[in-house]
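For reference, the chains in residue letters:
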Amino acid sequence: MANKIISVRNLVKNYGSFQAVKGISFDVYESEIFGLLGPNGAGKSTTLEIIETLREKTSGEVIVDGLNLDKQPGEIKKIIGVQLQTSGYYPGLNLTQLIELFCGLYNRDISPMELLEMVNLKDKARSKFKELSGGQKQRFSVATTLINQPRIIFLDEPTTGLDPQARRSLWELVKKIRERGATVIITTHYMDEAEYLCNRVAIIDSGKIVAMDSPDKLIDNLLATGFERPREMKLANLEDVFISLTGHSLREE
Ligand code: ADP
Ligand code: MG
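Just so we're clear, the structure is a prediction, and the values are computed from it rather than from any experiment.

**Student:** Can you tell me about the pairing of strand β3 (residues 33–37), naming the residues and giving the values?
**Tutor:** Across the five residues that make up β3, a large majority, five, are buried. Across the two faces of β3 the burial is the same, with Ile33, Gly35 and Leu37 and Phe34 and Leu36 all buried. Relative to strand β8 (residues 183–187), β3 runs parallel, the two sharing four bridges. Bridge pairing links Leu36 to Thr187 in β8.

**Student:** Summarise the packing of aromatic side chains; cite the residues concerned and give the values.
**Tutor:** Here the structure, examined in full by the defined rule, presents seven aromatic pairs. With a centroid separation of 6.1 Å and 80° between ring planes, the pair formed by Tyr89 and Phe102 is classed as edge-to-face. Placement of the pair is Tyr89 in the loop between β6 (80–82) and α3 (95–106) and Phe102 in helix α3, with a sequence separation of 13 residues. For the pair Tyr89 and Phe102, a shared accessibility class is recorded, and that class is buried. Relative to Phe140, the ring of Tyr89 has its centre 5.4 Å away and its plane inclined at 75°; by these criteria the two rings are edge-to-face. Of this pair, Tyr89 sits in the loop between β6 and α3 while Phe140 sits in helix α5 (residues 134–145), and the two are 51 residues apart along the sequence. Since its relative accessible area comes to 0%, Phe140 is described here as buried. In textbook terms, an aromatic cluster arises when at least three aromatic residues are bridged by ring pairs, as seen for Tyr89, Phe102, Tyr106, Phe129 and Phe140.

Rules behind the numbers
Residues numbered from 1 in each chain as written. Chains lettered and ligands numbered in written order. Predicted model: local features only at pLDDT ≥ 70, side-chain atom pairs only at ≥ 80, totals over all residues. Heavy atoms only, no water. Buried < 20%, exposed > 50% of the residue type's maximum accessible area, 1.4 Å probe, protein only. Helix = DSSP H or I, 4+ residues; strand = E, 2+ residues; numbered from the N terminus. Pairing = 2+ DSSP bridges. Phe/Tyr/Trp six-rings, centres within 6.5 Å; stacked < 30°, edge-to-face > 60°.

Rendered as structure tokens:
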């Protein structure tokens, strides 16, 4: 495997007397897509936001690309891209102008058109953020995480609420980002998505990691216990019907 780019050791987060993250440890390797899976309230967002320098930890150690979170949070900020959940973009600006604004803030020289093309939003260059569909909004907010050319990108439930086509379109975008050499950390409630995208996943339950491996290995481990899924009689499911009837292309105009 490649180099460790993130190393988390015995991470704890208390909110008052409630312990949301209970001493978790994991590594993320360079250029992998790493999934954090777990039920609502498991501690996924808390963990991500601590690594992103947006939330204080209670205890434990976090190293990002050799930088210690306690000593060099500013340096960590420079090499990460964080997708904002509630995107507070300036309402008066169109997508091109928003990208130009971010380029100014990060002191980067990036072509807005090239970036919009990468996320399949070239036709929307002159549109305002609020005029976009749900899938387009998500793709734009992922695009904004790329402006500072980060080495690590954090995506917290980027596909929640999207239709099947928009979800697939975002999957391809995440793969593209990884192919360009970035490391991606993603949370999702969709297991098909985790299986398709992630090289490795950690499953968190009530603030503890209960399993961590590649999706394939985790499935094999379960099968080795004698688990057997009730035999599926049909070789397609309702999602296949939906995609077959409505097509793979995006419908959000
Ligand atoms: P997840 O992203 O896995 O759904 P979170 O990290 O958002 O979980 O939350 C983990 C737990 O911590 C939940 O029980 C949540 O209610 C609690 N929590 C999150 N943020 C705060 C906060 N600012 N104050 C108090 N409790 C919080
Ligand atoms: Mg969350």
